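The lines below spell out each chain.
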Amino acid sequence: MALWPGLTGGEVIDLLGRLRGGIDPRRRDELLERFDLDPRRRGSTYSKGNRQKVALVAALASDVELLLLDEPTSGLDPLMEAQFREVVGRWRGDGRTVLLSSHILSEVEHLCDRVSIIRTGRVVESGTLAQLRHLTRTQVEVELGGPVPQELCTAPGVHDAVVDGHRLSCQVDDTALGDLLARLTPLGVRSLRSSPPTLEQLFLRHYDGPGR
């Protein structure tokens, strides 16, 4: 984020606001407090994180229906990232639309209703997280009351099985999950954990392998 070095942060926010028809002064002041930004300092004295805050305040203080954000939390500390997520959550609650481009996949997973994965300029997958997760496997970790039968590791739909004593870790196709649970129940399950794939795993699936 580049600022006019001779203007203060507040002047930059007001200038950008006037370019799009003005900003809400009360929302501006609330955002300055939320992001702990001193608007009286000149742009040349701001750190990278504070320059990013100026841009966010200028964008979020405007009364618009669609907000386009490209790597919006770059340079922010975890506390400010949390503030950003809360503000964007309020925007969504008001019925506004946010188009977010980010390589911080945990942020996308936390904020977005729908996700599109882009590779070499083309959308290779798009949908809600629930829809995307149906396209891949669930991670299952289970501890049994006795040794893990070998046939579990080679059951249909079970992949990358690893046995450690009475513990089994594997990936399971969604269509085979019920069958695996039925096989596990008679064996005496002591603990079971299943985890849907993360957005990072979905993303890397398109970037691993030839031509990545």
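Reading guide: rules and limits
- Residues numbered from 1 in each chain as written.
- Predicted model: local features only at pLDDT ≥ 70, side-chain atom pairs only at ≥ 80, totals over all residues.
- Heavy atoms only, no water.
- Helix = DSSP H or I, 4+ residues; strand = E, 2+ residues; numbered from the N terminus.
- Contact = heavy atoms within 4.5 Å.
- Buried < 20%, exposed > 50% of the residue type's maximum accessible area, 1.4 Å probe, protein only.
- Core = buried A, V, L, I, M, F, W, Y, C linked by side-chain atoms within 4.5 Å.
- Polar contact = N/O pair within 3.5 Å; in protein donor to acceptor, adjacent residues only side chain to side chain.
- Axes fitted to C-alpha atoms, helices over the stretch in contact; angles between N-to-C directions.
- Parallel < 35°, antiparallel > 145°, perpendicular 65-115°, else oblique.
- Nonpolar A, V, L, I, M, F, W, Y, C, P; charged D, E, K, R; others polar.
- Pairing = 2+ DSSP bridges.

Participant: Break down the environment of Leu 16 for me, with residues and values.
Facilitator: Inspection of the secondary structure assignment puts Leu 16 in helix 1 (residues 9-19). Contact partners of Leu 16, with chain neighbours within four places excluded, come to Trp 4 and Ala 58.

Participant: Account for the environment of Val 158, naming residues and giving values.
Facilitator: Looking at the secondary structure, you find Val 158 in strand 6 (residues 158-164). According to the relative accessible area criterion, Val 158 is buried, its value standing at 11%. Separated by 141 residues in the primary sequence, Val 158 and Gly 17 have C-alpha atoms spaced 55 Å apart. When neighbours within four sequence positions are excluded, Val 158 is seen to be in contact with Leu 152, Cys 153, Cys 170, Gln 171 and Leu 180.

Participant: I'd like to hear about the nonpolar core, residue by residue, with values.
Facilitator: Ile 13, Phe 35, Leu 60 and Val 115 are the most contacted members of the largest nonpolar core, which totals 35 residues. Broken down by element, the residue count for this core peaks at six residues, all from helix 3 (residues 48-60). Non-local contacts of Leu 60, meaning those with residues more than four positions away in its chain, are made with Arg 27, Leu 31, Phe 35, Leu 67, Val 87 and Trp 91. Core analysis: the second largest hydrophobic core is formed by 14 residues, Val 142, Val 148, Val 172 and Ala 176 among them.

Participant: Please provide a residue-by-residue account of the side chain of Ser 102, values included.
Facilitator: You can see Ser 102 is positioned in the loop between strand 2 (97-101) and helix 5 (105-111). In terms of polar contacts, Ser 102 uses its side chain to reach the backbone amide nitrogen of Ile 104, at 3.0 Å. Within the local environment of Ser 102, its side chain forms a polar contact with the side chain of Glu 107, the two groups lying 3.2 Å apart. Contact partners of Ser 102, with chain neighbours within four places excluded, come to Glu 71, Glu 107 and Val 108.

Participant: Pulling in residues and values, what's your account of the packing of helix 2 (residues 25-34) against helix 4 (residues 78-93)?
Facilitator: Remark: helix 2 packs on helix 4, axes separated minimally by 10 Å, with the N-to-C direction vectors making an angle of 150 degrees. As judged from the angle between their axes, helix 2 and helix 4 are roughly antiparallel. Contacts between helix 2 and helix 4 involve Glu 30, Leu 31 and Arg 34 from the first element and Met 80, Gln 83, Glu 86, Val 87 and Arg 90 from the second. When the residues that make up the contact of helix 2 with helix 4 are grouped by side-chain class, the tally is three nonpolar, one polar and four charged.

Participant: Residues and numbers for the sheet that holds strand 7 (residues 167-173), please.
Facilitator: The four strands are arranged 6-7-5-8 in an open sheet whose pairing can be described as antiparallel. Bordering the open sheet on either side are strand 6 and strand 8 (189-195), each of which pairs with just one other strand. Adjacent strand axes in the sheet meet at a mean angle of 15 degrees when their direction is disregarded. In terms of strand pairing, strand 6 meets strand 7 through five bridges, oriented antiparallel. Looking at the pairing, Val 163 lines up with Leu 168 of strand 7. Along the sheet, helix 8 (residues 177-184) makes contact with strand 5 (137-144), strand 6, strand 7 and strand 8, crossing strand 5 at roughly 0 degrees.

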